[in-house]
Amino acid sequence: MNDTLQVLVRQIRFEGKGINSYELTDPDGGELPPFTSGAHIDVHLGDGAVRQYSLSNDPEERRRYVIGVLKDDGGRGGSSTLHRSLHVQDVIAISRPRNNFPLADDAKKVILLAGGIGVTPLKSMAHSLQRAGVDYELHYCAKDPAFTAFEDEMRRFADQGRLHYHFDGGDPTRGLDIAALLADPAPGTHVYYCGPSGFMKACEGAARAWEAGTVHFEHFKAPDVAIEALPAGAFQVEIASSGRLIDVGADESIADVLNREGVPVETSCQSGLCGTCKTRYTSGTVDHRDYILDDGERGEYLTLCVSRCDSERLVLDL
Ligand code: FES
């Protein structure tokens, strides 16, 4: 299936300091492929670069995707390129929506924790929860109001008493006490969080006592530690269907080697964030380095773009 769509940049809005939203529509005004809250799209930036952005709007809106993009001058350059080069009426290539961060359908209550631009998937979830009549609260943490996005649409959540802003002036100790908020895991309550790495760490620590399967998160950027992480040693990959053995060097990814050797595997983020390269394996001791698979999945799947193998051989179900 061709995973790529052409969409029209219909509107670009200033949302907050350094934050623009981009409304993408079908060039002929038709409906777009459906999505569910928590989904993201790949945006092809030209020159081969691809970046992932969460959809922020209500999944019931079938004629537009809205992404929020914070210009991150310290990042890999994707957000700066997007801010600089995308214009209203451009037609760009994106992927169909994929969802690695879906809402559980059996939650009695949902706590959404957003750090900065991490609000984008959680805003979409708030739309869905509101519509479904599920009890939820959305906590939006930011430095100050100038750094928040989607003010108009957020007002309806605030008016319902669902949205709580927490401004820390740049000092996280003055912001939301996440540990206190998550101190008492409640049966049937699910927690979702997304934000920058310090925020993610605070949420992870605060949710440690929560039951498995009730805590969900998505990194929008690989944590700093991963950027510095070096690959482990070399190993061999076996393709289960053919028995072919392929060597993977210490300084190359499994995905790159397979593609070079004529075993095509699809990749997107190349950072263990999007799930595009998720593949089943049948044996081997995997050193998982992704940010999306949970412990249950890791016994069966790995991401080919970042994960390594600690044993001599890794057998892939390809
Ligand atoms: S390409 Fe995104 S997780 Fe591997």
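Just so we're clear, the structure is a prediction, and the values are computed from it rather than from any experiment. (Residues numbered from 1 in each chain as written. Predicted model: local features only at pLDDT ≥ 70, side-chain atom pairs only at ≥ 80, totals over all residues. Heavy atoms only, no water.)

The next point concerns the overall build of the chain. Helix and strand counts for the chain come out as eight helices and 18 strands. Here the C-alpha atoms of the chain give a radius of gyration of 20 Å, agreeing with the 20 Å that 2.2 N^0.38 yields for 318 residues. Each of the 318 residues in the chain was classed as buried or not, and the buried ones make up 48%. Sequence-distant contacts, at least 24 apart, represent 66% of the contacts inside the chain between residues at least 6 apart. By element, 48% of the accessible surface of the chain is carried by carbon and sulfur atoms, the whole surface being about 15,100 Å². Separation between the mean location of the 32 positive side-chain charges and that of the 48 negative ones in the chain comes to 3 Å. (Helix = DSSP H or I, 4+ residues; strand = E, 2+ residues; numbered from the N terminus. Rg over C-alpha atoms; globule rule 2.2 N^0.38 Å. Buried < 20%, exposed > 50% of the residue type's maximum accessible area, 1.4 Å probe, protein only. Contact = heavy atoms within 4.5 Å. Areas by Shrake-Rupley, 256 points an atom, 1.4 Å probe, with all protein chains shown as cover. Lys, Arg positive; Asp, Glu negative; His and termini not counted. Charge placed at Lys NZ, Arg CZ, Asp CG, Glu CD.)

Time to look at the state of the cysteines. Using the criterion set out here, one finds zero disulfides in the structure. Summary of cysteine pairing: C203 is not part of a disulfide, and the nearest cysteine sulfur, belonging to C141, is at 7.4 Å. Taking the relative accessible area as the measure of exposure, C203 reaches 0% and is therefore buried. (Disulfide = S-S within 2.5 Å.)

Attention now goes to the layout of surface pockets. Of the volumes computed, that of the second largest pocket is approximately 1,000 Å³. Lining of the second largest pocket is provided by 33 residues; of these, V215, F217, I292, L293 and D294 occupy positions nearest its centre. Among the elements of the structure, helix 5 (197-206), strand 11 (215-217) and helix 8 (295-298) are those that each provide at least two residues to the lining of the second largest pocket. Of the residues forming the lining of the second largest pocket, the biggest block, four residues, is contributed by helix 5. Considered class by class, the residues forming the lining of the second largest pocket number 15 nonpolar, eight polar and 10 charged. Domain assignment of the residues forming the lining of the second largest pocket places at least three in each of domain 2 (109-217) and domain 3 (227-316). (1 Å grid on protein atoms, 1.4 Å probe; cavity = no way out; pocket = protein on both sides within 12 Å on 5 of 7 lines; lining within 4 Å. Points joined across faces, edges and corners; volume = space filled by probe spheres on them. Nonpolar A, V, L, I, M, F, W, Y, C, P; charged D, E, K, R; others polar. Domains from an automatic or database assignment.)

Our next topic: the nonpolar core. Judged by nonpolar contacts, the single largest core of 24 residues is most densely connected at V110, L112, L122, L138 and M154. In terms of residues, this core owes the most to one element, helix 2 (residues 119-132), which gives five residues. Sequence-distant contacts of L112, that is, excluding residues within four places in its chain, are made with L122, M125, A126, L129, Y136, E137, L138, H139 and Y192. One finds F235, Y281, C309 and L314 within the second-largest nonpolar core, a separate group that totals 21 residues. (Core = buried A, V, L, I, M, F, W, Y, C linked by side-chain atoms within 4.5 Å.)

In an α-helix, one full turn covers 3.6 residues, which means residues spaced three or four apart are oriented alike. Among the residues of helix 3 (residues 151-159), those classed as buried are E153, M154 and F157. Viewed along the axis of helix 3, the buried residues span an arc of 95 degrees, placing them on a single side of the element. Its buried side turned inward, helix 3 meets helix 2, strand 8 (135-142) and strand 9 (163-167). (Arc of directions from axis to C-beta.)

Turning to the environment of T267, a few remarks are in order. Structurally, T267 is set in the loop between helix 7 (254-260) and strand 14 (278-283). Considering only alpha carbons, one finds T267 and R96, 171 residues apart in sequence, at a separation of 14 Å. Setting aside residues up to four positions removed in sequence, T267 forms contacts with A255, T276 and C277. Of the polar contacts made by the side chain of T267, one reaches the side chain of Q270; its length is 3.3 Å. (Polar contact = N/O pair within 3.5 Å; in protein donor to acceptor, adjacent residues only side chain to side chain.)

Under the domain assignment used here, the chain contains domain 1 (4-95), domain 2 (109-217) and domain 3 (227-316). Summarising the inter-unit geometry, the C-alpha centres of domain 1 and domain 3 are found 29 Å apart. Facing the five residues of domain 1 at the interface are four residues of domain 3. Summed over both partners, the interface of domain 1 with domain 3 comes to about 340 Å²; 35% of that surface belongs to carbon and sulfur atoms. (Buried area = accessible area lost by both parts, 1.4 Å probe.)

Attention now moves to the pairing of strand 2 (residues 19-25). Within strand 2, seven of the seven residues are buried, leaving the element largely enclosed by the surrounding structure. Neither face of strand 2 is open: one carries I19, S21, E23 and T25, the other N20, Y22 and L24, and all of them are buried. Taking the residues between adjacent antiparallel strands as the criterion, strand 1 (residues 4-16) and strand 2 are bridged by two residues, where G18 takes a positive phi near 75 degrees. Pairing geometry for strand 2 and strand 5 (residues 65-70), over six bridges, is antiparallel. Its bridge partner lying in strand 5, E23 is registered against V66. (Pairing = 2+ DSSP bridges.)

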